Every structure is written in C-alpha cells, then in structure tokens.
Amino acid sequence: MTTTQLLRSCLILMTLFIVGQYQQGHACTRVVYKGPNKTVITARSMDWKSEIPANLWVLPRATKRSGLAGENSVEWTSKYGSVVSTAWDIASADGMNEKGLVANLLWLVESEYPKYDPKAGKKGLAISLWAQYALDNFATVQEAVDHFSTGNVVLVSDYIPGTKMFTTVHLSISDANGDNAIFEYVAGKLVIHHDPSYTVMTNSPIFEEQLGLNKYWKNIPGTIMLPGTNRAADRFVRASYYIDAIPKTDKMEIAIPSVFSVIRNCSVPFGISTPDEPNISSTRWRSVSDQKNLVYYFETALTPNTFWVDLKKLDFSPGAKTKKLSVEKNETYAGESSAQFKTSMPFSFQGIG
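In this text, all values refer to a predicted model and were calculated from it rather than measured experimentally. (Residues numbered from 1 in each chain as written. Predicted model: local features only at pLDDT ≥ 70, side-chain atom pairs only at ≥ 80, totals over all residues. Heavy atoms only, no water.)

*Asks:* Which residues make up the nonpolar core, and what values do they have?
*Replies:* Core analysis: the largest hydrophobic core is formed by 85 residues, its most contacted members being Leu56, Leu125, Trp130, Ile173 and Phe183. If you tally residues by element for this core, the top one is helix 6 (residues 252-265), at seven residues. Each residue touching Phe183, except ones within four places of it in the same chain, is listed here: Trp130, Ala144, Val145, Phe148, His170, Leu171, Ile173, Leu190, Val191 and Ile192. (Core = buried A, V, L, I, M, F, W, Y, C linked by side-chain atoms within 4.5 Å. Buried < 20%, exposed > 50% of the residue type's maximum accessible area, 1.4 Å probe, protein only. Helix = DSSP H or I, 4+ residues; strand = E, 2+ residues; numbered from the N terminus. Contact = heavy atoms within 4.5 Å.)

Structure (structure tokens):
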C-alpha cells in the first residue's frame with residue numbers, strides 16, 4: 001500500500017469513527033451563501049423518515065399570537081409579515097419575513113429544554129412557534145440575539161401529536177446583512193452561537209462540536225476527499241466546502257442555481273433505506289431564500305418543478321388575508337407563483353398540553 005493509499009484509509013477510518021458517534025434523528029441541512037453587493041441566500045433541506053406534509057403560507061403583519069404554553073404564555077402582535085413553510089400545518093418550520101430575516105428549524109436529538117414554571121415570572125413559548133416568533137418580531141439577527149439572551153422567554157416542548165416522539169429542534173436565523181445565529185438548548189440552558197461566519201448547520205452533534213469537526217476537515221483539501229455519507233457530520237463538511245467553492249456573484253441567474261446545487265448535494269435520496277441506520281431520512285423538500293431581493297424558492301422531492309414567491313408582490317398589511325399555497329398533495333407550480341395563493345383560514349399552531 002502506498003503512502004497516499006494509507007493516508008486515505010486512515011482518514012476514512014477516522015471519519016467513520018467520528019461520525020459514528022452521532023446517531024441523527026431526522027436529517028436536515030441549512031447553508032448560507034454570501035456574494036458581492038449584499039447578496040445573501042439561505043438554503044435548507046427538510047429530511048424526515050415519513051411523510052411530513054408541507055404548505056406555504058402568507059402571514060400578514062399585526063397578527064396577534066399567543067405562545068400556547070399554558071399559564072403565563074408570551075403574547076405578541078407580529079411586526080412583520082412572512083412567508084412560511086409549515087410542518088403538518090401545526091408549526092412554522094422555515095420561512096422569510098419582509099425584512100429578509102430567515103428562520104430554519106432543524107432536528108437536534110441532544111436538545112434538553114428547561115422545565116417551565118409559569119409562576120417563575122418568565123414567559124412560555126411553545127416549540128411550534130419558535131421560528132414564527134423570530135419572523136414576527138425581528139428584522140435582524142442582532143435583535144433576536146439581544147431578545148433571547150435576556151432569558152425572559154422560555155421554550156416549552158412536547159410530543160409530536162399522535163407519536164411517542166418528543167420534539168427536539170434547534171433554530172438557525174440569518175438576515176439580509178449576512179449575520180447568523182444558532183440557538184440550541186443544551187443541558188437545559190439556551191446556548192446562542194452568534195457570528196456571521198456560522199453559515200452551515202445540520203443536525204447532531206451540537207453546534208460547538210460541528211465546528212470542531214469542520215475545523216478538522218479544513219486541513220484536508222476538498223478536491224482530494226470529502227466525506228460522502230448522508231450522516232449529519234458529513235453533510236456539514238460538504239456544505240461548508242461547497243458553499244465557499246461555488247462562484248461568488250450577484251447575478252441571481254447564477255447564484256440561485258449554484259446554491260440549489262449545494263443543498264441538493266447535501267440532500268438524502270428519496271426512498272433511501274439503510275437497515276443499520278433506520279433514522280436516516282429522505283429529503284422531502286428544499287427552500288432557498290433570496291434575502292436581498294425577497295424571493296422565496298421552493299421544491300419538493302416528488303414534483304418536477306422549482307417555483308418561487310416574490311414577497312414584494314404579496315400583501316402583508318394589517319388586516320390582509322391569510323393565504324395558503326398547498327404543496328401537501330405534490331401540486332406542481334412553475335415560475336413566480338404568488339398569484340396562486342388562496343385565501344384561507346389561518347392554521348393553528350400546536351400548543352402544549
């Protein structure tokens with residue numbers, strides 16, 4: 001065996017050992033692209049082991065909401081309108097508001113939330129509303145970090161309805177300035193990772209350990225070898241490498257397809273079955289948010305078309321109608337599809353208890 005072959009074998013074995021420490025529950029990937037002239041684009045994949053029906057919703061400003069966590073829940077009126085993708089129409093899983101703030105919820109099995117005591121003076125927020133709370137209230141990442149850092153709002157989780165699966169997620173947000181933050185509950189405490197460089201997030205392990213894994217791989221040229229499995233740690237490394245490798249441009253006809261190519265590279269093939277890894281999950285849908293031009297792109301695994309929604313063509317004014325674009329039945333849309341939204345009764349966020 002040559003020295004190169006030996007080195008390659010050692011690297012492969014080391015990678016398998018490292019990523020083997022982390023059993024992912026439901027695989028998702030999130031990545032942020034930064035180009036010239038304030039071009040910022042956030043992409044994510046939604047991976048789940050079973051069907052997770054999604055719909056797109058237009059949610060206007062001045063909507064009153066409750067944290068739905070029981071006694072002493074936080075209450076607010078939305079400052080900003082948003083377009084969101086839902087999970088089962090009980091939670092906002094992904095979305096962008098009219099200021100270009102993007103919120104993405106991804107699974108994190110290591111999450112440990114504090115026990116909520118409504119008499120302790122802090123306000124409760126059901127986990128189904130975490131992303132929506134950010135989209136409703138903040139224009140920038142710094143605003144969200146300052147707010148959540150006070151600890152006055154406590155996240156409260158519960159089981160996914162009809163299952164024995166306790167909801168464990170972490171939240172990433174990015175803004176039109178290219179700032180980024182990751183919010184995780186570790187050992188019962190909120191940990192905030194805030195830096196413009198935090199452009200990639202997957203599932204397990206916790207974000208601090210993801211950064212450590214990525215630092216290790218930065219010493220290995222991506223043109224020689226990249227980890228190729230569908231595990232979260234491998235997808236983190238690939239996303240980190242490719243988002244920096246693609247062309248940096250403000251031409252959206254190049255930038256958007258380039259970012260789509262990265263998030264597709266980190267997706268899990270549909271229908272994949274891994275006997276020894278029953279929790280590895282197929283990619284169900286992908287979104288790409290153009291935060292400079294306020295355009296939300298979307299595609300599902302079972303439809304042939306990518307379509308998009310220009311937020312500037314939507315009515316977010318107070319009193320405007322809530323609207324829905326159904327994709328839960330694999331409907332096919334083409335091109336700019338804001339006119340395809342239909343007036344609908346608002347969906348109900350899942351409360352606690």
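*Asks:* So what's going on with the sheet that holds strand 12 (residues 180-186)? Residues and values would help.
*Replies:* Strand order across the open sheet formed by nine strands is 13-12-11-8-7-6-3-18-20, with antiparallel pairing between neighbours. Of all strands in the sheet, those bounded by a partner on one side alone are strand 13 (189-194) and strand 20 (342-343). The sheet contact formed by strand 3 (residues 55-59) and strand 6 (residues 82-87) spans four bridges and is antiparallel. What sits directly across from Trp57, in strand 6, is Val84. The strands that helix 2 (residues 130-137) touches are strand 3, strand 6, strand 7 (91-97), strand 8 (102-107), strand 11 (169-174) and strand 12; relative to strand 7, the one it contacts most, it runs at about 25 degrees. Sheet contacts for helix 3 (residues 141-149): strand 11, strand 12 and strand 13; angle to strand 13, the most-contacted strand, approximately 155 degrees. (Pairing = 2+ DSSP bridges. Axes fitted to C-alpha atoms, helices over the stretch in contact; angles between N-to-C directions.)

*Asks:* Please provide a residue-by-residue account of the pairing of strand 7, values included.
*Replies:* Burial of strand 7 is extensive: seven of the seven residues sit out of reach of the surface. When strand 6 meets strand 7, the two strands line up antiparallel, connected through six bridges. When the sheet's bridge partners are listed, Ala87 is paired in strand 7 with Ala91. Pairing between strand 7 and strand 8: three bridges, direction antiparallel. Paired with Gly95 across the bridge in strand 8 is Ala103.

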